[in-house]
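# An overview of the molecular structure
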Amino acid sequence: MLIQKAVRGTNTNQGAMMKIKLTKIVTAACSGLVLAALAAGPAFAMNGPAPTKYNLGSLGEYSISGGVDGYGAAYTNSTGNLFNQNPQNVSAGLANALINIQKTSGLVQFTFEAGEYTFPILGSKAFGYPTGSPQNGYNFLGTPVLQGYVTLAPSKNFTISAGIIPTVEGMEQAQDWNNFNFFLSQLANMEITSERGIEATLTHGPASLTVQFDDGYFSKRFNNVQAALTYNLNSSDYIYLYGSDTIGTTDFTNVTNGFPEVNSNMIGGGVSSTFGKLTVIPYVQYQWLPKSARVGNVKTYSNIAFAVSTDYQFNKLWSLGSQVSYVSTNTDKQNIANAIAFGNWMGYGATGPGAIGPGASMLGLQLTPTWQYKQLFVRTTFAYSHLSSYLPGFGYGTSGNKSGMFAGVLEAGFLF
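Computed from a predicted model, the values in this text were never measured in an experiment.

What counts and how
- Residues numbered from 1 in each chain as written.
- Predicted model: local features only at pLDDT ≥ 70, side-chain atom pairs only at ≥ 80, totals over all residues.
- Heavy atoms only, no water.
- Helix = DSSP H or I, 4+ residues; strand = E, 2+ residues; numbered from the N terminus.
- Phe/Tyr/Trp six-rings, centres within 6.5 Å; stacked < 30°, edge-to-face > 60°.
- Buried < 20%, exposed > 50% of the residue type's maximum accessible area, 1.4 Å probe, protein only.

What follows deals with unusual backbone geometry. Within the chain, phenylalanine 218 stands out as a residue other than glycine whose phi angle is a positive 55 degrees. Mapped onto the elements of the fold, phenylalanine 218 is located in the loop between β8 (207–214) and β9 (224–232). Of note in the backbone geometry, lysine 220 takes a positive phi value of approximately 70 degrees without being a glycine. Inspection of the secondary structure puts lysine 220 in the loop between β8 and β9.

For the coordinates displayed, the defined rule picks out nine aromatic pairs. Consider the rings of tyrosine 117 and phenylalanine 119, whose centres lie 5.5 Å apart with planes at 35 degrees: the pair is tilted. We classify phenylalanine 119 as buried; its relative accessible area is 2%. With a centroid separation of 6.1 Å and an interplanar angle of 35 degrees, the aromatic rings of phenylalanine 306 and tyrosine 326 are classed as tilted. Of this pair, phenylalanine 306 sits in strand β13 (residues 301–313) while tyrosine 326 sits in strand β14 (residues 318–329); the two residues are 20 residues apart in sequence, bridging distant segments of the chain. Here tyrosine 326 falls in the partly exposed class, since its relative accessible area comes to 30%. Put simply, the rings of Tyr71, Phe182 and Phe183 touch in pairs and so form one group of aromatic residues.

Below, the structure written as structure tokens:
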């Protein structure tokens, strides 16, 4: 499977309405401070400064924002995967270095976000994240451009966009600094991240509808339709429903790794609610690959999953984010080889130790104390993932027979 994440433009007008509201997130601290935060409650996500705006008169208004962050990670029961065949128990590196430029006024607008980016996934086999750099042949986007599209805005209630657009699937953002925790859940892992396509957004009162036609999972085959409905309950709470349907068949030769998601369908939804200093975002999704002789799967393979993310702001400096997630998949005991090829939702299409495998279930837990002072943030994420019903050799550890993985991450960054 591929490491992927559901995204909506963090600073775009549509993105602000369509996706997870960006609460005060940013990152954790050092040992003693972390222990104090843990005693108090759950972790948080970051609050970046307002984008720098430039008014160029008749040329319109532009904004610039971005950030950079790095991490150090230690974990148990490391395994190899498609991206890193030499597992290590300790790793460090640059997580993201991105810049976002937007034209936010007038009939013709645009959004462009590019740089180095990673999608750290909870419970993945190893922490060898793919990168946005085109030098990395295993990255399914294969481009430093995370999103880049032109928008026509004939009115404040209707827009049309075309280019590399962010998916409407899911309620987590692509960049870790836009989420309550460092890791994306396995729900986000199985969602589309960005795709080439067109979208239309219609807003009426508290409701907003977005419809996309695209090449889901960057497959170069334009046969995917997505839609999302947002209903704002008040200024801070909203309901979000989304779905996608593949209206044709994509040959796996058009895809980087041959993962089953490319021909799958998905439905999901969730709610974002704020209670004083506490924000709670539960969402659930169901994904399935219909039985198809043309694709090659002899059975309908599916997964059902849910995640509950919370964010509690203690004061201007400290917050605590947390997440509980669960994914359950089915298998075909009569034809394990077929199930491995087409029902290995969490395995990136790889076999061998750490591929998790068809029929497996995974419980994930994250806790993230965060400290943020203006543009600077530091946070620590403590994470645990537990596998059940996995095939021998498809678990954690070098032999693939371990059921659990602990992870600790210290992250620091700067937003502008």
